[in-house]
Amino acid sequence: MIDLRRRERKSLMVMMRSSIGPLLIVAIALVGVVILSLLLSKTPGKTLRYFFLGPIQNTYYFGNMLNGAIPLIFGGLGISLAMRSGNFNLGGEGQIYSGALVATLCAIALAPLGIAGAVIALIAGAAMGGFLGGLSGFFRMKWNTSELITSFLISNAVVLLVNYLIAGPFMDPSTNLIATRKIPEAFRLARILEPSNLSSALFLAITAVIVVQWYLYKTKSGYELRISGLNSSFARYGGIHTNWYMVLPMMLSGALYGLGGGIAIYGTYYSCMKDFSGGMGWNGLAVALIAKYKPAAVIPAAIFFAYIEAGARNAMLHSDVTFEIASIVQSLVFFLVTSAVLQSVGQKKRGH
Amino acid sequence: MEYAVEMHGITRIYPENNLRANDAVDLTLRKGEILCLAGENGAGKTTLMKILYGLERPDEGDIRVMGKPVVIGSPLDANRLGIGMVHQHFMLVDDFTVAQNVVMGVEPTLYGGLYNINEAEKKVAKVVSDHHFSVDVKKKVKSLTVGQKQQAEIMKMLYRDVDILILDEPTAVLTEQETEALFVTLRELARLGKSLILITHKLNEIKAISHRVAIMRQGKLIGTYNTAEVDELEISRLMMGQSVTLHVDRVDTGLDAKPVIRFENVSVLRRGQQRPLLDKVTFSANSGEILGFAGVGGNGLGVLEAVLGGFVPVTSGKIYHNEVETTNCGTANLRNDGLAYVPADRIEVGSAVAASVAENLIVDARSSFTRHGVMNRKKIEAHAQKLLEKYSVKGTPGMSIGTLSGGNIQKVILAREIEQYKDYIVLSEPTWGLDIASSQYVYERMAELRGAGAAVILISSNLDEILAVADRIIIFYRGAIVAMLAGNEALGASKEELGAYMLGLKRQEAIHD
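Small disclaimer: the values here were computed from a predicted structure and weren't measured. (Residues numbered from 1 in each chain as written. Chains lettered and ligands numbered in written order. Predicted model: local features only at pLDDT ≥ 70, side-chain atom pairs only at ≥ 80, totals over all residues. Heavy atoms only, no water.)

J.: In this structure, what is going on with the overall build of chain A? I would like to understand it.
T.: The helix and strand inventory of chain A stands at 13 helices and 0 strands. Listed by position from the N terminus, the elements making up chain A come as α-α-α-α-α-α-α-α-α-α-α-α-α. Expressed as a percentage of the 352 residues in chain A, the buried residues total 51%. Within chain A, contacts between residues separated by at least 24 positions form 75% of all contacts whose residues are at least 6 apart in sequence. Summed over all atoms, the accessible surface of chain A reaches about 15,500 Å², with 70% contributed by carbon and sulfur. (Helix = DSSP H or I, 4+ residues; strand = E, 2+ residues; numbered from the N terminus. Buried < 20%, exposed > 50% of the residue type's maximum accessible area, 1.4 Å probe, protein only. Contact = heavy atoms within 4.5 Å. Areas by Shrake-Rupley, 256 points an atom, 1.4 Å probe, with all protein chains shown as cover.)

In structure tokens form, the structure reads like this:
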């Protein structure tokens, strides 16, 4: 009985936290921007105006900001899916990067196939990310290793491997960039808000959100995944193959990252450049945490993150602060959401 | 007579369920004696000891230690007063050595701050030689046997110079030889003038080790006796209490009853443990009967439940469902095969507290709400609404189940499992923590299931419940079946009789089925 009451209170607190928490994080981050500007800028008023209004002042900045949110949406979805199943995927960096490379190389190789080739190449990129994520899930199932650690370690190794491949065997000798060759023109996604970089990838991202939401809440597999995440003993008791739900969600999570990488290539970069995705994996994690692993909430959370980055870039261009202000604010956000990470890790440990 | 501890009029009420865990308990501990505190599960032994060790505060009553009135607010207070407790679950750091574990919190220091490991090892080695322990103080705890770990726990207390030592079921995890060695140590400690309290419900141990035995039942102290003056049967009778005649309508199980679930020589062994958790268990649960399993905690009922639920694989033996073998086929397959099961642990196993009532209600029937992989939310909601009404649960389909009361959670679980059942159902501690009305409700549903021809397997540590509803009774002691009572035997059985079997005093010569 004691336990029940405590749980009741706890669930209420969780509910309050889940709605107030993210807003509070956003508010604190924005206050942080103000304080930083006051401290660092000789013309804080101007800095703040460019920071807050810059990203929405014209279609160019606005479109670029939205474009920056797209990979974060995919990453945020990937993390949310894993977290919902009680798995922790820290391998986003490697999954997004290798997914992008595989998608790029396949796209170049499959150019003659036209649209089918474009789709196959994207799927191949997603499969790459899915493979990496699934590997960690498989290790956990087989040897009870922590997927949190293995996904992180595998990812670190893969980033270095991809760096080598881009700088070595697959480097395009015709440019001075450390990058692969460009994907065929026909594969590139249409720009939808000229002159900005925003492409129809935005619609793919929104579609992904809808699909993940549908999967989690409407399908049997999504139900099994969520129940496994909420209480794996209960899931097992109910006849759910809980082992499978150590592997599948990690695979899907990695696949979403990999797909995000491929789509970033198709929509924005056209070739896989060295370190083009650096930080996207981690920012995807922060986005998922702000969104409290709710697929629909991933969109505003990703836009918020992209907004901070775009604001900082804008303030840097038009005022006297450096781009690091974005990093500081993002670190602040990370710092604030870390409490949530630690909490969920603690809960998971108790569940075992 | 000098007393080390005098507890007077101790009352502890848990306000959440208005349970009197301790009701005006008077307990005395003489200097240099070994006192056994005996009683069934839930009798209030542990609560009383937690009060003495400062983990709980009494609502009423006072405590004297060595003649002086004291207030014990925390285990630190208790330590200062010379009271130590060895918990049932060891509190040791596996990667530290014995010496490091023993001195933890009161480490000897060098130059007023540096950890003096040599001094620690020397001091702990002295404790070891003084008390004839058999542990190498430089060994890491993870390499010790269970018995040695317990020695380390006791050393922790001796190192802190406690005079009064409480041990919570110290032999629960020990082998017989280890138990013997422990008893030698405890007698030696008593001879040196330490006063000891052992929480236990093992009768042979009470007889073997204690000077006096204090018996608790339902929060009250029944009495404290000189161990030499009471025999095991008398202790058992005092622990169990008088039979409560509480009979539920019984039906003739009929002659055409067929075995639904059949165990054939099923054993479960655990690595590193000699005594099997289940020891060659053979029985059959027949259609149209309630088969009750009784036993004291730690004697195999929990393992039996886990085996029936498919959580624990059996080491040897075979299990049949309708004469088709289902040994070790896993919970998912058992579910497909028609397993309906109300687990003892409702919160950790029987429900996902954060999920909605509707989602909790379909976990084992999710496929019937699915077409082409997509679930029909409307159908699920309607199903939940129907069951909530049918089983009169106070709640709505959309609420998370964790916000319901304990009784209502149990009703949701019952509803789900009864709707799911094909020909048998396993219920473990189905009325644990429920009030009388809810318990009665559960019994009525069980009787209905039996009437419908189901094999109802009831696992319960509540003897009144077993006696009231079971058509046949199987009693476990140390993982093995020691008695099987059927027909008039089961009807006429008394608590004393069951108690004698449960505590290993008696054993049926030929166990019949």
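J.: Any chance you could explain the interface of chain A and chain B here in plain terms?
T.: One frequently used descriptor of interface size is the decrease in accessible area upon assembly of the parts. Contacts between the two partners involve 26 residues from chain A, matched on the other side by 40 residues from chain B. Each partner contributes to the roughly 2,800 Å² buried at the junction of chain A and chain B, and carbon and sulfur atoms together form 59% of this total. Interface area lost by chain A to chain B is led by Tyr223, Phe234 and Tyr237 of chain A, which between them contribute 26%. Scanning the region where chain A abuts chain B turns up 2 salt bridges. Its salt-bridge partner being Arg226 of chain A, residue Glu359 of chain B comes within 2.8 Å of it at the nearest N-O pair. Looking at the side of chain A that touches chain B, the elements that each hand over two or more residues are helix 1 (2–40), helix 7 (201–218), helix 8 (220–230) and helix 9 (232–237) of chain A. The class makeup of the residues in the side of chain A that touches chain B is 11 nonpolar, 7 polar and 8 charged. (Buried area = accessible area lost by both parts, 1.4 Å probe. Salt bridge = Lys/Arg side-chain N within 4 Å of Asp/Glu carboxyl O. Nonpolar A, V, L, I, M, F, W, Y, C, P; charged D, E, K, R; others polar.)

J.: Can you help me understand helix 17 (residues 495–502) of chain B in this one?
T.: Since the α-helix advances by 3.6 residues per turn, residues separated by three or four positions end up pointing in the same direction. All names here are of chain B. For helix 17, the tally of buried residues reaches 6 of 8 residues, placing the bulk of the element in the interior. For helix 17, the full list of buried residues reads Lys495, Leu498, Gly499, Ala500, Tyr501 and Met502. With its phi angle positive at about 80°, Gly504 sits one or two positions after the end of helix 17.

J.: When you look at the domain arrangement of chain B in this model, what are you seeing that I'm missing?
T.: According to the domain assignment, chain B contains domain 1 (3–240), domain 2 (244–340 + 422–513) and domain 3 (350–420). Placing the centre of domain 1 of chain B and that of domain 3 of chain B at their C-alpha centroids yields a distance of 45 Å. (Domains from an automatic or database assignment.)

J.: Hey, could you run me through the pairing of strand 3 (residues 34–38) of chain B in this one?
T.: Two faces, one strand: in a regular strand the side chains alternate between the faces of the sheet. Residue and element names in this part refer to chain B. For strand 3, the buried fraction is high: 5 of the 5 residues fall into the buried class. Residue alternation in strand 3 divides its side chains into two sets, Ile34, Cys36 and Ala38 and Leu35 and Leu37, and both sets are buried. Bridge analysis of strand 3 against strand 10 (residues 195–200) gives 5 bridges, and the strand direction is parallel. Of the residues in strand 10, the one forming a bridge with Leu35 is Ile197. Of the pairings in the sheet, the one linking strand 3 to strand 11 (residues 212–217) comprises 4 bridges and is parallel in character. The residue of strand 11 that forms the bridge with Cys36 is Val213. (Pairing = 2+ DSSP bridges.)

J.: Just checking my understanding: could you explain the confidence of the model for chain B for this structure?
T.: Detailed conclusions should not be drawn from predicted coordinates in areas where pLDDT is low. Summarising the model, chain B shows a mean pLDDT of 86, and 94% of its residues fall at 70 or more. In the model, residues 243–247 of chain B has pLDDT below 50 throughout and makes 9 contacts with residues more than four positions away in sequence or in other chains. (pLDDT = per-residue confidence, 0-100.)

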